[in-house]
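What follows is each chain in one-letter form.
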Amino acid sequence: MQSTDLGNKESGKLWHRKPSPAARDGIIVNIIHSTSDYLPKVLRFLNVAFDSSGDCLIAGDHQGNIYVFDLYGNRFNLVQRTAQACTALAFNLRRKSEFLVALADYSIKCFDTVTKELVSWMRGHESSVFSISVHASGRYAITTSSDTAQLWDLDTFQRKRKLNILQSVGIQKVFFLPLSNTILSCFKDNSIFAWECDTLSCRYQLPAPPESSSILYKVFAVTRDGRILAAGGKSNHLHLWCLEAKQLFRIIQMPTKVRAIRHLEFLPDSFDAGSNQVLGVLSQDGIMRFVNIQTCKLLFEIGSLDEGISSSVISPHGRYIASIMENGSLNIYSVQALTQEINKPPPPLVKVIEDLPKSKLNSGGLKIKVTTGRVQRPAKSRENKIQTRILKQDLAGSFENKENELSDGLNKKRLQVLLKGYGEYPMKYRMFIWRSLLQLPENHTAFSSLEDKGVHVAFLNLQKKYPIKSGKLLRVLQRTLSALAHWSAIFSDTPYLPLLAFPFVKLFQNNQLICFEVVATLIINWCQHWFEYFPNPPINILSMIENVLAFHDKDLLQHFIDHDITSQLYAWPLLETVFSEVLTREEWLKLFDNVFSNHPSFLLMTVVAYNICSRAPLLNCSLKDDFEYFFHHRNNLDISVVIREVYHLMDTTPTDIHPNSMLHVFVALTKGQYPVFNQYPKFIVDYQTQERERIRIDELDYLRERQMVEDMQAEVDQQRVEDEAWYQKQELLRKAEETRRELLLQEEEKMIQQRQRLASVKRELKVKEMHLQDATRRRFLKLQQDQREMELRRLDDEIERKVHMRDREIATTAKDLEMRHLELESQKRHYEKNLIRNQEAVAKEMREDANAFRRKVDLEEHMFHKLIETDQTQNQKTQEWEEAKEKDFHLKSEKKASALADASRKWFLEKEINDALEHAEHLYMPSYPNGQVASSGAPRTSQLDDISEMDSSTCISLNQRRIQWDTMERDLVERVRNLRQRLTVQARNRRQPPHLLATQRA
């Protein structure tokens, strides 16, 4: 195993000696990337992807370095430094030099490996992109992250659609099915949907797996024909779905040491028509096991417990496996080396018993049969002769069986029976049958040595003579022709070799070794004697065809002769293109199923049969151009009829003219090294080679001399041109000088005019500026005036608002005064009622007192008269005086009590009047700035005069009310005064002696 350290190199060779991978591990080369710093470290590779040819791959490490590895050219190149880790890669775009890389910042970038420039930058994901799937056409790509999948148009690098899902579901993988227009989306809930790429309509949904083997799918793989889907997860079970029938058709249980599956990928095969049978399963232990999904057998495995695999990618043609190891390095495996033991042909069923030499037979003279149980006597010589003859017959039969037995367990006779029954081999197994029929040795080492010699000089400009649209197909054709030219020198001078090899190159473009060996086997067997008359067409072969045609259709041959049409026109174009110009792909494959299954003369008989079956249109042709067109273009001819006619010609052609007798039987290519091909006139080829070399040297000398003459002529022409240019330049300078003087004068005049115009413009601008300033000043004054008017209006509004508020307050106050006046009136009436009630009570009391006093006086008079009558003495007078003093004392006591009651009533009345006056004064009392109010002792007139802001009508009404109030107050005071006088008179009367009162009554 070779190991390559990329280091700080940007380009170099992958290996320095030709790799020879061992069958044990199959490793071609181990690639590591380490830094040359003070403390060296290994940069881990994270992702790898193959291109569509399978010979180149790209890989990116965790620092963003992306390398291109050319396995065919043994080169590596650093194509980009992204400065951040890549999470996914894709290298199979429509433009072969471009690739997609998903980066750690959730963006996707497209770079060119040739120019190393950024082509496009695509954004739209909000999480890391872990998968990029490219459509088979290379036009569309799907990028997948855990929360969304997005469909991109790689022609415009614009996003077409976006798949949004619930966060609880999550996406496992979204990818294109190979060779179809279907998108498969797999979610974390095990639901799988198929969508139409153009309309994004759902085509179908796979049913849920059975509960007995239900696993959460994590990884998926699809065969190249898009018919089988493999799914796995955290289990050792594999589910195989048939996408055509939309059902689970097989469950494969891996070995018990497999607990989880990390990656799945089918191994392509050039001969299985896309129905891949081998599946690579990478498990949690870092070992990738390859199993056959039909036989469920383990074929081989890569990786080990010590050197585990992190991820793997298989090339499209199935020749290489690129694996990123757990230590960060990159291993390239050879599938051929890994499958060398598997592809070994089984041991032959027929064992040949070789006869003993005659000397030994004669010396022995006897043959002994040894059986168990008894000893046999020696047999006689006659019996020995009979037994020897039988043995020879069996030996001949075994040789025939050996000739019919092919590799891979096939039998040529049975294949011929199958071919005659169905007319062609099954498309699925055609390449496998061809490989067995032609007994291809698959000499990888020998073919690699031919390939390593590079492109032959004879085919360097192949694209100019044969402009093929597909670049890949052109390169494969160029390599195949170069390998043939390196194998035998004559093929570098064979003009029809590209036409001969092209259909096989197109058929085997993904496997160049098989393509080369098929063409080489065709040349050795079916192109026998073609090069004996080189560089002319094979006249001997064309004579055989003409003889057979003359025997089976003399009229057609005579028609060719009459119109000067030779076999070089009606036979050679079919042979040199092996019928690829006149047949479709299906017809050509059907024809060569029969060609490879029969004797090499079958191809020559096919030319005769094609002419015989086209007899009617050929007999109608009379011009040479018509014949040329007929044998170089497709015609309305049933190939099955042609093949039946070939078998008829093979059976009915006489032996003396049959090509069978002139051509050798089939001979396969030798194993290990290819046979020497020298069936051509070597002196002619050598002479042509020498002449070509001489012509090349003469041409080089001529080109060199012509180049010298051209250089000298170019120098002379250059000098002449320079001289003419100098003179022209001088003349142009002179003219330019005169022109510039005129222009200068014109410019000066224009400048003077412009200055005048500028001065006038300045004046106009000054006037406009003054006007603008005046207008601005007026506008400013008007604005100020408007502002003042607005201020005045605002003040007026404020005054009106305050006046309105004052009016409302005055009205409210007036209403309050009226209410208070009514209350005072009510209190006045109440007081008057009380006063009248008191007066009545006093009068009643006085009447009662008077009555009592009268009764008392009457009593006293009666007593007085009685006393006078009884005792008119002095003692009686004294007693009476004492009683009078006592009564006077009682009267004074009653007077004091009455005075106290009158004083109490007077105090209560004054208190009520003062409260009413204070309430009225508080209503009209003004408030001062310091929050104080006017003294309650100030006169009411001064308090009313403070309301100076009231209008005249309000003041007049208030003055009138004040006068009325004063009048009412005076009346009330007068009445109180009268009441007091009356009470005083009453009190005084009470204090007078009784005799005075009696006198007053009298």
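Owing to the predicted nature of the structure, the values given are computational and were not obtained by experimental measurement. (Residues numbered from 1 in each chain as written. Predicted model: local features only at pLDDT ≥ 70, side-chain atom pairs only at ≥ 80, totals over all residues. Heavy atoms only, no water.)

Tell me about the overall build of the protein chain, residues and numbers included.
What the protein chain contains, in helices and strands, is 24 helices and 30 strands. Considering the protein chain as a whole, with its 1002 residues, one finds that 39% of them fall into the buried category. Within the protein chain, residue pairs in contact and separated by at least 24 positions form 56% of the contacts whose partners lie at least 6 positions apart. Just so you have it, the protein chain exposes about 59,000 Å², and 53% of that area is on carbon and sulfur atoms. (Helix = DSSP H or I, 4+ residues; strand = E, 2+ residues; numbered from the N terminus. Buried < 20%, exposed > 50% of the residue type's maximum accessible area, 1.4 Å probe, protein only. Contact = heavy atoms within 4.5 Å. Areas by Shrake-Rupley, 256 points an atom, 1.4 Å probe, with all protein chains shown as cover.)

So, the pattern of salt bridges: which residues are in play, and what are the values?
Evaluation of the coordinates by the stated rule reveals 31 salt bridges. Between Glu791 and Arg794 there is a salt bridge, with its nearest N and O atoms 1.6 Å apart. Separated by 3 residues within a single helix, Glu791 and Arg794 lie in helix α20 (residues 682-870), roughly one turn from each other. Classification of Arg794 by relative accessible area gives partly exposed; the value is 45%. Members of the salt-bridge network, linked through shared partners, are Arg94, Arg139, Asp153 and Asp155. (Salt bridge = Lys/Arg side-chain N within 4 Å of Asp/Glu carboxyl O.)

Any chance you could break down the sheet that holds strand β29 (residues 320-325) for me, citing the residues and the numbers?
Across the sheet, 5 strands lie side by side as β1-β3-β30-β29-β28; this open sheet has mixed pairing. Each edge of the open sheet carries a strand with a single partner, namely β1 (2-5) and β28 (309-314). Recorded for the sheet is a direction-independent mean angle of 20° between the axes of neighbouring strands. (Pairing = 2+ DSSP bridges. Axes fitted to C-alpha atoms, helices over the stretch in contact; angles between N-to-C directions.)

Can you explain the side chain of Glu98? Please cite residues and give values.
Within the element layout of this structure, Glu98 appears in strand β9 (residues 98-103). Classification of Glu98 as buried rests on a relative accessible area of 7%. Polar contacts involving the side chain of Glu98 include one to the side chain of Arg95, which spans 3.0 Å. Once residues lying within four places of it in the same chain are set aside, the contact partners of Glu98 are Phe91, Leu93, Cys110, Phe111, Asp112, Val119 and Phe157. (Polar contact = N/O pair within 3.5 Å; in protein donor to acceptor, adjacent residues only side chain to side chain.)

Now, about a nonpolar patch on the surface: what can you tell me, with residues and values included?
Judged by side-chain polarity, Val455, Val457 and Leu460 come together as a nonpolar surface patch covering roughly 270 Å² of accessible area. Looking at the secondary structure, you find Val457 in the loop between α6 (444-452) and α7 (462-465). (Patch = residues over 30% accessible without salt bridge, like charges linked within 9 Å, V, L, I, M, F, W, Y side chains within 5 Å.)

Can you lay out the sheet that holds strand β5 (residues 56-61) for me, pointing to particular residues and giving the numbers?
The 5 strands are arranged β2-β7-β6-β5-β4 in an open sheet whose pairing can be described as antiparallel. Each having just a single partner strand, β2 (11-12) and β4 (45-50) make up the two edges of the open sheet. Judged from the 5 bridges that link them, β5 and strand β6 (residues 65-70) form a sheet pairing that is antiparallel. In the strand pairing of β6, Ile58 is matched with Val68.

Report on the side chain of Gln2, specifying residues and quantitative values.
Relative to the assigned elements, Gln2 resides in strand β1. According to the relative accessible area criterion, Gln2 is buried, its value standing at 11%. The contact partners of Gln2, leaving out residues within four places of it in the chain, are Trp15, His16, Arg17, Lys18, Pro19, Ile28, Val29 and Asn30.

Which residues make up the environment of Asn635, and what values go with them?
Take Asn635: it is sitting in the loop between α18 (624-630) and α19 (639-652). Given the relative accessible area of 22%, Asn635 is considered partly exposed. Sequence-wise, Asn635 and Ser614 are 21 residues apart; in three dimensions their C-alpha atoms are separated by 8.8 Å. In this structure Asn635 touches Val582, Tyr610 and Phe630, once residues within four positions along its chain are discounted. Reaching out from Asn635, the side chain makes a polar contact with the backbone oxygen of Phe630 at a distance of 3.0 Å.

Please give an account of α6 that cites residues and values.
Among the residues of α6, Ala446, Phe447, Leu450 and Glu451 are the ones counted as buried. Seen along its axis, α6 keeps its buried residues to an arc of 140°; they face one direction. Opposite the buried face of α6, by more than 90 degrees, sit the exposed residues Thr445 and Asp452. Lining the buried residues of α6 we find α8 (471-487) and α10 (512-526). (Arc of directions from axis to C-beta.)

I'd like to hear about α10, residue by residue, with values.
In this model, α10 (15 residues) spans 20 Å end to end at C-alpha, consistent with the 21 Å of a helix rising 1.5 Å per residue. A large share of α10 lies buried, amounting to 15 of its 15 residues. (Expected span 1.5 Å × (residues − 1).)

Account for the packing of aromatic side chains, with residues named and values stated.
This structure, assessed with the given rule, holds 34 aromatic pairs. Considering the side-chain rings of Phe99 and Phe111, the 5.9 Å spacing of their centres and the 35° angle between planes classify their relative orientation as tilted. Taken together, the residues span a long stretch of sequence, with Phe99 in strand β9 and Phe111 in strand β10 (residues 108-112) at a distance of 12 residues. Each member of the pair, Phe99 together with Phe111, is buried. Their ring planes at 90° and their centres at 5.6 Å tell us that Phe504 and Phe592 sit as a pair that is edge-to-face. (Phe/Tyr/Trp six-rings, centres within 6.5 Å; stacked < 30°, edge-to-face > 60°.)

Can you explain unusual backbone geometry? Please cite residues and give values.
Note: most residues except glycine have negative phi, and most peptide bonds are trans. Positive phi values are uncommon outside glycine, yet Leu200 reaches one of about 60°. Structurally, Leu200 is set in the loop between β18 (192-196) and β19 (202-205). Relative accessible area serves as the criterion here: at 24%, Leu200 is assigned to the partly exposed category. Positive phi outside glycine occurs at Phe579, with the angle close to 65°.

Which residues make up the pairing of strand β25 (residues 278-283), and what are the values?
Burial analysis of β25 places 6 of its 6 residues in the buried class, which makes it a mostly covered element. Neither face of β25 is open: one carries Val278, Gly280 and Leu282, the other Leu279, Val281 and Ser283, and all of them are buried. Sheet analysis places strand β24 (residues 261-267) next to β25, joined by 6 bridges and oriented antiparallel. Of the residues in β25, the one forming a bridge with Glu265 is Gly280. Hairpin connection of β25 to strand β26 (residues 288-292): 4 residues between the antiparallel strands, including Gly286 at a positive phi of 80°.

Pulling in residues and values, what's your account of the confidence of the model for the protein chain?
With 82% of its residues at a pLDDT of 70 or more, the protein chain has an overall mean of 80. Segment residues 356-402: pLDDT under 50, and 19 contacts once partners within four positions in sequence are set aside and those in other chains are kept. Confidence drops under pLDDT 50 across residues 994-1002; counting only partners more than four residues distant or on other chains, this segment forms 8 contacts. (pLDDT = per-residue confidence, 0-100.)

With reference to specific residues and values, describe the pairing of strand β14 (residues 148-153).
Residues in a regular strand project their side chains so that they alternate between the two faces of the sheet. Counted residue by residue, β14 has 6 buried out of 6 residues, so it is predominantly covered. Residues Thr148, Gln150 and Trp152 of β14 are buried on one face, and the alternating residues Ala149, Leu151 and Asp153, pointing to the opposite face, are buried as well. Pairing analysis gives 5 bridges linking strand β13 (residues 140-145) to β14, with the strands arranged antiparallel. Bridge pairing links Ala141 to Trp152 in β14.

Talk me through the packing of α6 against α10; I want residue IDs and the actual numbers.
Where α6 contacts α10, the two axes come as close as 11 Å, and the packing angle between them is 95°. Viewed along their axes, α6 and α10 adopt a mutual orientation that is roughly perpendicular. Touching His444, Phe447, Leu450 and Glu451 of α6 are Gln512, Leu513 and Phe516, all from α10. (Parallel < 35°, antiparallel > 145°, perpendicular 65-115°, else oblique.)

With reference to specific residues and values, describe the packing of helix α5 (residues 430-438) against helix α15 (residues 585-596).
To characterise two packed helices, one gives the angle between the axes of the helices and the distance between these axes. Contact pair α5 / α15: the axes reach a minimum separation of 10 Å and the direction vectors enclose 30°. Taken together, the axes of α5 and α15 lie roughly parallel to each other. α5 and α15 meet at a crossing whose hand is left-handed. Residues Arg430, Trp434, Leu437 and Leu438 of α5 touch α15, and the partners they reach there are Trp588, Leu589, Phe592, Asp593 and Phe596. (Left-handed = near helix turned anticlockwise from the far one by under 90°.)

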